[in-house]
Amino acid sequence: MSVIPERVFIREVGPRDGLQNESKILSTDDKVVWIDQLSETGLDYIEVSSFVSSKWIPPLADALQVFRKIRRVKGVTYAALVPNVKGLEQAFKADVDEVVIFLSASESHNHKNLNRSIKDSLNNCRDVCQRALSEGLSVRAYISTVFGCPYEGHIPFDKTMGIAQILLEGGVHEIAFADTIGVSTPRQVSKFLDLALKLVNSDRVSLHFHDTRGTGLANVLTGLEYGVFKFDSAIGGLGGCPYAPGAAGNITTEDLIYMLKGMDIRTDIDYEPLMESAMFIRDRFAERQLPSHALQSTCSTLS
Ligand code: MG
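From a predicted model like this one, the values you see are computed outputs, not experimental measurements.

Procedures and definitions
- Residues numbered from 1 in each chain as written.
- Predicted model: local features only at pLDDT ≥ 70, side-chain atom pairs only at ≥ 80, totals over all residues.
- Heavy atoms only, no water.
- Donors = N, O, S within 2.8 Å, 3.2 Å for Na, K, Ca; no water.
- Buried < 20%, exposed > 50% of the residue type's maximum accessible area, 1.4 Å probe, protein only.
- Helix = DSSP H or I, 4+ residues; strand = E, 2+ residues; numbered from the N terminus.
- Expected span 1.5 Å × (residues − 1).
- Core = buried A, V, L, I, M, F, W, Y, C linked by side-chain atoms within 4.5 Å.
- Contact = heavy atoms within 4.5 Å.
- Salt bridge = Lys/Arg side-chain N within 4 Å of Asp/Glu carboxyl O.
- Phe/Tyr/Trp six-rings, centres within 6.5 Å; stacked < 30°, edge-to-face > 60°.
- Lys NZ or Arg CZ within 6 Å of the ring centre and 35° of its normal.
- Polar contact = N/O pair within 3.5 Å; in protein donor to acceptor, adjacent residues only side chain to side chain.
- Axes fitted to C-alpha atoms, helices over the stretch in contact; angles between N-to-C directions.
- Left-handed = near helix turned anticlockwise from the far one by under 90°.
- Nonpolar A, V, L, I, M, F, W, Y, C, P; charged D, E, K, R; others polar.
- Pairing = 2+ DSSP bridges.
- Right-handed = clockwise from strand over helix to strand, strands pointing away.

Draft legend 1. The arrangement of the coordination of the magnesium ion in detail. The protein atoms that coordinate the magnesium ion are D17 (OD), H208 (NE2), H210 (NE2) and N250 (OD1), at distances spanning 2.0 to 2.2 Å. H210 sits in the buried class, given a relative accessible area of 5%.

Right, dumping it as structure tokens:
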């Protein structure tokens, strides 16, 4: 019996995850125009920016200005990454709808990325989460390197699920299980979901795939077959892989929407305005061809 969901929700991560991993820095005004466009496509979730120190992530140094300038559309959740309680104060100033915390399933990756152990990260996440919840905000968490780590290789899935359960018990509403380096395949996703969905209800699960090796949408299809109905993606396929220069990054929102529409799965996202927002960002990154297949196909039809 098929459990493929009738309705899928997209977490658009282009403005944060996408831009964070691009070497070119987009102007604040361009970000605002682009996010305002995205707000009109029917997307109901946009990861706008990050309150990680601008020293570490210069492309997102204008997070507060962007939040203050965007035109908010009712029904759209505007989220931001928050590394610690200090970042949370900024997020409050920006009036974010959802706080996104993050850590890694791999001890080595966590140390390289966050300069602390997983245990210390979990303590930090708990503090941020409690404070955000007390202010009435929802909280989402990324667990990165779930399907493979650039330093340790395979990370046992029960390790990831141990972290996930601590986060969920701490009040996190949703967890994005991320294939940070884009190594997963449908069989691996299937094995992961066999375990994960025994422990966590699918309404608290989002899958975050990268298309580094071309398996992104195949992995989404596997997720759909397990009844998963939340996926992260980025317009244009923005955001490369820090461990593989030049490689594709996040799966592409417009490619994903094209596939879902063809499968009669509802998203309430309008394809044409979505493509317009993809063209807008393509023009801003004209020095390189973005990985989006839908974009390449549309542009070849136009020329
Ligand atoms: Mg990503």
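Draft legend 2. Representation of helix 2 (residues 28-39) within the structure. Between the first and last C-alpha of helix 2 there are 16 Å, a value that for 12 residues agrees with the 16 Å anticipated at 1.5 Å per step. All buried positions along helix 2 are accounted for by K31, V32, W34, I35, D36, L38 and S39.

Draft legend 3. Broad picture of the nonpolar core. Within the largest apolar cluster, 98 residues are counted, with the highest numbers of intra-cluster contacts made by I101, I143, L167, F177 and F192. Sequence-distant contacts of F177, that is, excluding residues within four places in its chain, are made with I143, V146, F147, T160, M161, A164, F192, V205, S206, L207 and H208.

Draft legend 4. Quick peek at unusual backbone geometry. In this structure, N115 is a non-glycine residue whose phi angle is positive, near 60 degrees. Structurally, the position occupied by N115 is in the loop between helix 5 (107-114) and helix 6 (118-134). With relative accessibility at 68%, the residue N115 sits in the exposed group. If you check the backbone angles, T145 has positive phi at about 55 degrees while not being a glycine.

Draft legend 5. Layout of helix 7 (residues 157-169). Compared with an ideal rise of 1.5 Å per residue, which puts 13 residues at 18 Å, helix 7 spans 18 Å between its outermost C-alpha atoms and is within 8% of the ideal. The inward-facing, buried residues of helix 7 contact strand 4 (98-104), helix 6, strand 5 (138-144), strand 6 (174-178) and helix 8 (186-199). Just past helix 7, the residue G171 takes up positive phi, approximately 110 degrees.

Draft legend 6. Fine view of the pattern of salt bridges. Using the criterion set out here, one finds 19 salt bridges in the structure. Salt-bridge contacts for R266 lead to D268; the nearest nitrogen and oxygen are separated by 2.9 Å. The exposure class assigned to R266 is partly exposed, which follows from its relative accessible area of 48%. Put simply, R11, R140, E174, K230 and D232 are held in one network by salt bridges that share partners.

Draft legend 7. Molecular detail of the packing of aromatic side chains. The full count for this structure, using the stated rule, is 8 aromatic pairs. With a centroid separation of 5.2 Å and 70 degrees between ring planes, the pair formed by F157 and F192 is classed as edge-to-face. With a gap of 35 residues between them, F157 in helix 7 and F192 in helix 8 connect regions that are remote in the sequence. F192 sits in the buried class, given a relative accessible area of 0%. In this structure, R11 packs its charged tip against the face of Y45, placed 4.7 Å from the ring centre.

Draft legend 8. Region of the structure containing the side chain of E22. You can see E22 is positioned in the loop between helix 1 (14-20) and helix 2. By relative accessible area, E22 is classed as buried at 8%. In terms of polar contacts, E22 uses its side chain to reach the side chain of R288, at 2.5 Å.

Draft legend 9. Inspection of the packing of helix 7 against helix 8 at higher detail. Two elements in contact, helix 7 and helix 8, have axes separated by 10 Å at closest approach and are oriented at 35 degrees. Between helix 7 and helix 8 lies a crossing whose hand is right-handed. For the pair helix 7 and helix 8, contact is made by F157, D158, T160, M161 and Q165 and by Q188, K191, F192, L195, A196 and L199, respectively. Partitioned by chemical class, the residues of the contact of helix 7 with helix 8 number 6 nonpolar, 3 polar and 2 charged.

Draft legend 10. Representation of the pairing of strand 3 (residues 77-81) within the structure. In terms of residue burial, strand 3 counts as a mostly covered element, since 4 of its 5 residues are buried. With 5 bridges joining them, strand 2 (residues 45-50) and strand 3 adopt parallel strand pairing. Its bridge partner lying in strand 3, E47 is registered against A79. Read from strand 2 through helix 3 (residues 63-69) to strand 3, the crossover connection turns out right-handed. By the bridge criterion, 3 bridges tie strand 3 to strand 4 in an arrangement that is parallel. Bridging across to strand 4, A80 finds its partner in V99. Handedness of the crossover joining strand 3 and strand 4 through helix 4 (residues 85-93): right-handed.

Draft legend 11. Spatial organisation of the pairing of strand 5. Within strand 5, 6 of the 7 residues are buried, which leaves it mostly tucked inside the rest of the structure. Sheet analysis places strand 4 next to strand 5, joined by 7 bridges and oriented parallel. Bridge assignment links S104 to a residue of strand 5, and that residue is S144. Bridge count between strand 5 and strand 6: 4 bridges; the pairing is parallel. Across the sheet, A141 pairs through a bridge with I175, a residue of strand 6.

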